[in-house]
Each structure stands twice: as structure tokens, then as C-alpha cells.
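The residues making up each chain are set out below.
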Amino acid sequence: MVRFRMIKINTVQFAILSKEVADSYVIETSANIKHTVDGSSIAVDMTFSFENNKEKGMILQVLCEFGIHPEDLQTMTSGNKVTIPKGTLDYFVAQTVGTARGILHCKTEGTPFNGVIIPPMNVTTMLDSDMIIELPAK
């Protein structure tokens, strides 16, 4: 396992768009992976859109940044490329989903929307492969 630490959590967007909580929601989820130039920091930007009958009831966008331990980053570097394994990225996505659950709870606490949760998700199907980062020429 790659050693890392979560270095930043940012609630990019949160809004309750409906006056009443629905009986059920379809949750549209998107995830984007970003990185620093040298690959030492990876960010997972996730958006959760809660929809009922094509009407958005709530939206949450969370950005979590992860710093990779320098020794582990070095083992993932070959020549001018850094390869972040898919399994590591999947773990970062899973950590972001868990963080989003906590943010959703806090943001809806004391409202009728507090019962709306992000259900368990199989994050291993969200990404197709390792991330290859081309390092700038020295």
C-alpha cells in the first residue's frame, strides 16, 4: 500500500434545491482525478447530484487532496513518468466518498434532508487504469 495523508478537504459546492425531501433519489456521481506537476499530490473531485423525477433535490461537490509519501512516489517514478496505480486511486476515491458522507450529514443536520445518505458504492468500477503522469523535462 502506498503511504499517503489527506492534506485538504474542500466542500466546493453544497445546495438543497428542493423544499421537501423526496421518498427516494437517484444519485448521479462523477469523479475527476487531478495531480500536481510532479505527481506528489493527487486530488479527487467528486460531485453527487440527488435527483427525483429529473428534478435536482440536492447537490454536493467535494475535493479531497492526498499527499503521497516521497519514498513511495520515488518507487512509482521511472524516467520521466510517474505511475499512480489504479488501486491507490480507487482508495483515494473511496476515502473521498466517505468524507462526502460526513459532509452531507453535517450540512443537513437538523433538516428533513438528514436522512438522505450516499449509499455504498463500488468505486473500483469508476476508473479504468493507472494514472500516468509525464514529468516536465529538467
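Preceding this section is the structure that the text describes.
Read on for a plain summary of the structure.

Scoring rules and cut-offs
Residues numbered from 1 in each chain as written. Predicted model: local features only at pLDDT ≥ 70, side-chain atom pairs only at ≥ 80, totals over all residues. Heavy atoms only, no water. Helix = DSSP H or I, 4+ residues; strand = E, 2+ residues; numbered from the N terminus. Buried < 20%, exposed > 50% of the residue type's maximum accessible area, 1.4 Å probe, protein only. Contact = heavy atoms within 4.5 Å. Pairing = 2+ DSSP bridges. Phe/Tyr/Trp six-rings, centres within 6.5 Å; stacked < 30°, edge-to-face > 60°.

**Some remarks on the overall build of the protein**
Thinking step 1. Each helix and strand in the protein was counted, giving two helices and seven strands.
Thinking step 2. Listing every helix and strand of the protein by position from the N terminus yields β-β-β-β-α-β-β-α-β.
Thinking step 3. Counting every position in the protein, which comprises 138 residues, the buried fraction comes to 38%.
Thinking step 4. Within the protein, residue pairs in contact and separated by at least 24 positions form 72% of the contacts whose partners lie at least 6 positions apart.

**So, the sheet that holds strand β6 (residues 81–84)**
Thinking step 1. Spatial ordering of the open sheet is given by β5-β6-β7, a layout of three strands whose pairing is antiparallel. For this open sheet the edge positions go to β5 (77–78) and β7 (131–134), each flanked by a neighbour on one side alone.
Thinking step 2. Two elements, β5 and β6, share two bridges in a ladder whose sense is antiparallel. Paired with S78 across the two strands is K81, which belongs to β6.

**Details of the pairing of strand β4 (residues 55–68)**
Thinking step 1. Judged by how many residues are buried, β4 sits mostly within the fold: eleven of 14 residues are covered.
Thinking step 2. Here eleven bridges tie strand β1 (residues 4–16) to β4, and the two strands are oriented antiparallel to one another. Each bridged residue has a counterpart across the sheet, and for F4 the counterpart in β4 is I68.
Thinking step 3. As consecutive antiparallel partners, strand β3 (residues 41–52) and β4 are separated by two residues, and within that stretch N53 has a phi angle of approximately 55 degrees, a positive value.

**Describing the packing of aromatic side chains**
Thinking step 1. Tallied over the full model, the rule gives five aromatic pairs.
Thinking step 2. Aromatic pair F4 and F66: ring centres 5.7 Å apart, planes at 70 degrees, arrangement edge-to-face. Note that F4 is positioned in strand β1 and F66 in strand β4, a separation of 62 residues in sequence.
Thinking step 3. Judged by its relative accessible area of 26%, F4 falls in the partly exposed class.
Thinking step 4. Ring geometry for F4 and F92: centres 5.0 Å apart, planes at 70 degrees, overall edge-to-face. Of the two residues, F4 sits in strand β1 while F92 sits in helix α2 (residues 86–108), which places them 88 residues apart along the sequence.
Thinking step 5. Relative accessible area serves as the criterion here: at 1%, F92 is assigned to the buried category.
Thinking step 6. One aromatic cluster in this structure is built from F4, F66, Y91 and F92.

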